[in-house]
Amino acid sequence: MPTRWPAALFGAWIGILAVVYSLATELRGWLVLAGGLSAAAAVLSGTYRAQPDDRRPWWLLAGATGLCALGAAIGNAPSFLTNWLPWLEPVGTGLLLASYPLLAAALAVFTRRRTGSARDVPGLLDAAIVTSGAALLVWTFVIGPRMSDLTVGGLEQLLPVADLLCLGLLIRLAVVPGRLVASGYWLGAGTGAMLIADVVRTSAYGQMALFATAAMAALIPSMAELTRPSVAAASETGRGRLALLAVAALVAPSVLMAKLIQDSQVAGLFLVAVLSLLMLMLVLGRMAGIMTSHRQAMTRERALREASAALVSAADAEAVGLAVRTTVAQLLPGDVPHGVVLAISIAQVEPPSPEAAAQAAVDRATGTAARLVQTRDVDWAVAVRLTQFAETLRCPMVLQDRPHGDSLVGVLHVGAPGWALRELQRSVEVLAGQVALALERIALNHEVNQRNSETYFRTLIQNTADVITILDADDRIRYASPSALGVFGADPTGVRLPDVIHQGDRDRLVDVLNAVRGGDSVAQQLDFRAINVRGTELLLELHCRDLREDRSVAGVVITMRDVTEPRKLQQELMHQAFHDAMTGLANRVLFHDRLKHALARSARDGSVVGVLFIDLDDFKIVNDTLGHAIGDQLLIEVANRIAGSLRADDTAARLGGDEFAALIENVNDPLAVEDTATRILTALASPIDTDAKPLYAMTSIGITTTLEATDGDELLRQADLALYVAKGAGKNQWRRYQRHLHAEMVERLELRSALDHAVNEGHFLLHYQPIVDLTNGYAVGFEALVRWAHPNRGVVTPDQFIEVAEESGLIVPMGRWVLEEALRTVSEWRRILPPGRAPYVSVNVSVRQFREAGFVDQVRTALHHTGVPPESLMLEITETLLMKDDEQRIWADLSTLREMGIRIAIDDFGTGYSSLGYLRQRPIDIVKIDKTFIDDMVTSPQLVGGIVSLARSLQLVVVAEGIEDLAHRDLLVQMGCPLGQGFLFSSPLGPTEVLAWMTSSSVAV
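Participant: What is the right way to look at the overall build of the protein chain in this model?
Facilitator: Within the protein chain, the regular secondary structure consists of 36 helices and 23 strands. Burial analysis of the protein chain (1005 residues in total) assigns 46% to the buried set. Intrachain contacts of the protein chain at a sequence separation of at least 6 include 67% that bridge at least 24 residues. As displayed, the protein chain has an accessible area near 49400 Å², and 58% of this comes from carbon and sulfur atoms.

Participant: It is not clear to me how the side chain of Thr65 should be interpreted in this structure. Could you clarify?
Facilitator: Note on placement: Thr65 falls in helix α3 (residues 56–75). Here Ala62 takes part through its backbone oxygen, which lies 2.8 Å from a polar atom of the side chain of Thr65. In contact with Thr65, other than residues within four places in its own chain, are Gly36, Ala39, Ala40, Phe211 and Ala214.

Participant: Explain helix α28 (residues 811–832) here, please?
Facilitator: Since one α-helical turn is 3.6 residues long, residues separated by three or four positions face the same way. Across its 22 residues, α28 extends 31 Å between first and last C-alpha, which sits within 8% of the 32 Å expected from 1.5 Å per residue. Turning to α28, its buried residues are Ile811, Val812, Met814, Gly815, Val818, Leu819, Ala822, Leu823, Thr825, Val826 and Trp829. Summarising the axial view, the buried residues of α28 lie within an arc of 165 degrees, below the 170-degree limit, and thus occupy one face.

Participant: What's the story with the side chain of Asp580 in this structure? I'm lost.
Facilitator: Topologically, Asp580 is positioned in the loop between α20 (564–578) and α21 (588–605). Accessibility expressed as a relative area gives 16% for Asp580, which makes it buried. Of note is the side chain of Asp580, whose polar atom sits 3.2 Å from the side chain of Arg654. Each residue touching Asp580, except ones within four places of it in the same chain, is listed here: Leu585, Ala586, Asn587 and Arg654.

Participant: Help me out: how do you make sense of the sheet that holds strand β7 (residues 526–531) in this one?
Facilitator: Working definition: the strands of a sheet are paired by backbone hydrogen bonds and lie parallel or antiparallel to each other. An order of β6-β5-β9-β8-β7 is seen for the five strands of this open sheet, with the pairing classed as antiparallel. Both edges of this open sheet fall to β6 (477–480) and β7, since each of them pairs with a single strand only. Going from strand to strand, the sheet's axes swing by 35 degrees on average, the running direction of each strand aside. Bridge count for strand β5 (residues 467–471) against β6 is three bridges, and the pairing is antiparallel. Within the sheet, the bridge partner assigned to Ile470 lies in β6 and is Tyr479. The strands touched by helix α19 (residues 506–517) are β5, β7, β8 (537–547) and β9 (555–562); relative to β8, the strand with the most contacts, the crossing angle is about 15 degrees. Packed onto the sheet, α20 meets β7, β8 and β9 and runs at close to 110 degrees relative to β8.

Thresholds, definitions, all that
Residues numbered from 1 in each chain as written. Predicted model: local features only at pLDDT ≥ 70, side-chain atom pairs only at ≥ 80, totals over all residues. Heavy atoms only, no water. Helix = DSSP H or I, 4+ residues; strand = E, 2+ residues; numbered from the N terminus. Buried < 20%, exposed > 50% of the residue type's maximum accessible area, 1.4 Å probe, protein only. Contact = heavy atoms within 4.5 Å. Areas by Shrake-Rupley, 256 points an atom, 1.4 Å probe, with all protein chains shown as cover. Polar contact = N/O pair within 3.5 Å; in protein donor to acceptor, adjacent residues only side chain to side chain. Expected span 1.5 Å × (residues − 1). Arc of directions from axis to C-beta. Pairing = 2+ DSSP bridges. Axes fitted to C-alpha atoms, helices over the stretch in contact; angles between N-to-C directions.

Structure, rendered in C-alpha cells:
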C-alpha cells in the first residue's frame, strides 16, 4: 500500500529547488525544468504505485507539469540563445500556455469521476457563479489595468485568464457532494498559488508551487480516492454552499461601487455591468434548480404517503412487494430504467454461509441506512435480476425493538443508473422502514392466528410422522406424540430415553443431552440406533432443543424421525457413485481419490506405492462371438480373482470395459508390487466357467511405482505405457515401466497412429514372390506380400508394422484390402497369360480376420466380383492356430472355404512347436516349412526330411521357404519336396514385373 514517505521526500526536494531558485538567478530556467520534469515523473510513479480506477487525469496532470516546466525553461533561456534562435521564446510561451488546457482537462476528468455522471447541474451552476465572481475581480483589478499598461507583456495578461479556466474547474471539483480528499486539497492549493503568482507577476514561483502540490497529490495514499465516485448525497441548502453563492453574488455590486469611487476607472463599468447581469442570471438558474428539487421532494413525499397506505392494507408479502415496486416507479422519473428486489429473511435449518452471515451482520449494524454497492457484490439471487445495472442501492430493513426473532427483517434492493440512485437514497430509506413495519405486522398477525388455532396444532402433532418427546431432568420421557407408537411399537412415556437407544450409542446420547442442557451448540440431525419392542434395529435422526425456560414446555424437546430406509438408500447411492455397478470394484473416481491419499502417506512415511494397469487380451472377441452376457460373466469372475489376489490394504478397480487397475500401498520393497502382478496372472491362469464354455482370461499388466514418479497422473501414464509394452511382448504377462524404454514406447504409439492414417488413406502396395516347381523352376503361384508406402520412410516391410497392426486391430481392414487387391491382380494375369499358365495367389490371413463375423462371405464376394475361380486362391494361416482347440468356429469357416475349392496352407511351420499330428485333424492342404529349418538343412537334413516324408504320407503339399542357394534346392529335390520359394528364384516383384518374369523365355534355374 502507498505511504507518505515519497511525498515527504519530494516536498523536501522541491524546497531545495525553491531555495536555490531564489539565490541563483542564472540557473532559474534549469531549476524550473528540473522541478517540472521531476514532478511529472513523481505523478507517473504515484499513479503506477496506487493503481487508481482511472489513470487518465493523472497522466494529463503529468503532461501539464512537464509542458509547463519545458515552456518556462525555454522562455527563460539565456540571452545568447534567444538572440541566436529568435523563435525560441515564442515556442516556450506556446508550451507554457498549452500546459493550462491540460491542467484544466485533468481537473475536468477528476470532476467527472467524482460526480459519477454529467447530471450534477446544481454543482455546475455553483462553480460557474463563483468563477464569474473571481473573473470579475481579476478582470477589474488585474487584467484591465494591465491592458492599458504598455510595459506589461501579452504572456502576463494571458496567464491570469488561463488560471481562471483552471480555477473554475477546481471550484467545480470542490463543490461535488462529499468530503474532498487530501489529494484534492493539494491540487487546489497549487492552482490557487499559481493564480496568485500570475496576478503578482511572479509566475515562476507559482509554477514551482504547482509542481510541488501536483506531485504531493499523486504520492500520498488518498490519491486513488480522487477518481472514485462520491457516495455522499447532494445538499441543496448547506451553509457553506449558500455563503459561497452569497459572496459571489456580492462581487459585482462591490466592484461597481469601487469603480465608481475611482474616477479613473469609469471606462470599465460596461464590462462590470455585463458580468453582473451574467452573474444574476446564473443565480436565477440556480434558484430554479432548487425549486425543481423542491418539487421532486414533494412528489416523493406524496409517493411515500401512498406507499404507506398501500402497505397498511397489504395482507401478505406479495402485496407488500407490489406496493414497493409501484412506489419506486413513482419516485423515479418515468423514463429511467430500474429494477426492484425485495429479499425477506426466512428461518433456515442449515446455518448460513460465512459470506452471508458477515453480510447480515453488516446489515444489522448499518440499520436502515441505504448504501450504494456494486451489483456484482450483492447476493447471487439478487444480482441475476439486476445484472443490467452496474450499481445497486441496498437498504436493510431492521427493527431494533422487534419482539422476537432476528432484527433483520429483509433487504430492499433497487437497481438504476448511479445518478438516480443517489437522488433516491433518502426516500428508499423511508420506504424500507415502512416495509419493515408492514412485514412485521403481517408476521405477527399470522402468528396470532396460528396460536389462536389450538385444533391446528393438536392435529399437526398427532398426525406428524416425527416423534416429539419431552424429557424431564432424569432423561425420562414425560410426553411422547402418538406417532411414537408406530415407530417403537409401544408408548415410550415413562421410559428413560437412553433405555430406548441402542446400547452402543447410549454414552454418546448422554453427552449430547448434557451439552444441550449446558447451553452448548450441538450438531443437528444426529443419527442414533434404537431398538423397538419387536427387537428390530432402527436408525433415528434426533433434533434437540432446550425449552426448560419455556413454562408451557419446561423440558428438553427431542424430535425423532425414523431414517432407516433413507439412510440405507443414501449408502447404496454413495456406493454406486464410487463403485462399478457390475463387478462391485472401485470405479475410476474412487481409484483416483485413493491414489491421491496413498501418495500423501507415501510422502510422509517413505513407503512404496505401486499402480497396476490390467487389461484382458482379445476381450472384444468374446463379446463378438459369445455375446455380451458371457463377456459380463467373464468380467465379474476376473474382478473377483483380481480382488482375491490383493491384500486388505490394496484397492482393485474397474476403470471401464475390460480395463482394471490395482493400487498397492504400504510396501517397502518394489518387488512386492511385482509379486502382486504374478499372483494376479496365476489366479487368472485357470479357466473360467461361463454359460457357454470355459474361457481363459489372457491378461496383460503394466506396473509402475513411486520410485519412478510421485505424481498421480504420471504414475497412471507410466502404468499405461508399461501395459502397452506387455501387450507388444506377447500378452498374458506383466512388464514394469522402465525409463529407457520410454522413447521406444512413444515411437510405437506414433507408428500406430501413422498406421491408422495409412489404412484410412490406402498407403499400401502389394509385391508378389514366386512359388516355383523345384524340378523345372516354373512358377505355379505367387505369395502376396504387403508393403507400406510411408511418405517419409519410403517402403516399409511387414516385419516393422504387422505386429502393431495385429495389436491395434488394423490388420482386419488391411487384410481385407490385401485379399481384394490380390484377386484383382490375379484376374488381370488370367486375362493376359495363356490358358494353363496363370498362377494362383497365396494370401496371408490373420486369425483376427477369421474372428470377424462374415469372413467366408467376404471371400466369396471378392471371388465373385473379380471372376477368379476358388482354385486360384490359397489362404495362409499361422501355425499357432493348430494348437487352439477353442477356435472351432474358425476351423468350421476354413472347412467351408476348403469345400469351395480354396486351398489352406500353414505358414512358417515348425516355429510354433506344434505336432504334425494336428495336421490330420485340420482342413489343411499345404505345409510351408519355415526358412530357419531350410538354412540348417545342409548340416542337419533329418528334420526337414522328416517333415517332408510325414506331410507326403498325410497327402499334404510341402513348400520350402527362404531358398537362397542351389545346394538347398538340390537337397530339397532329393527329399521329394515339390515346391519352394526364395531369393534364389526371385525377390518380391510388382504386378507388372510378374508378367515380364512369367513371359520370359526361361524362368528355370
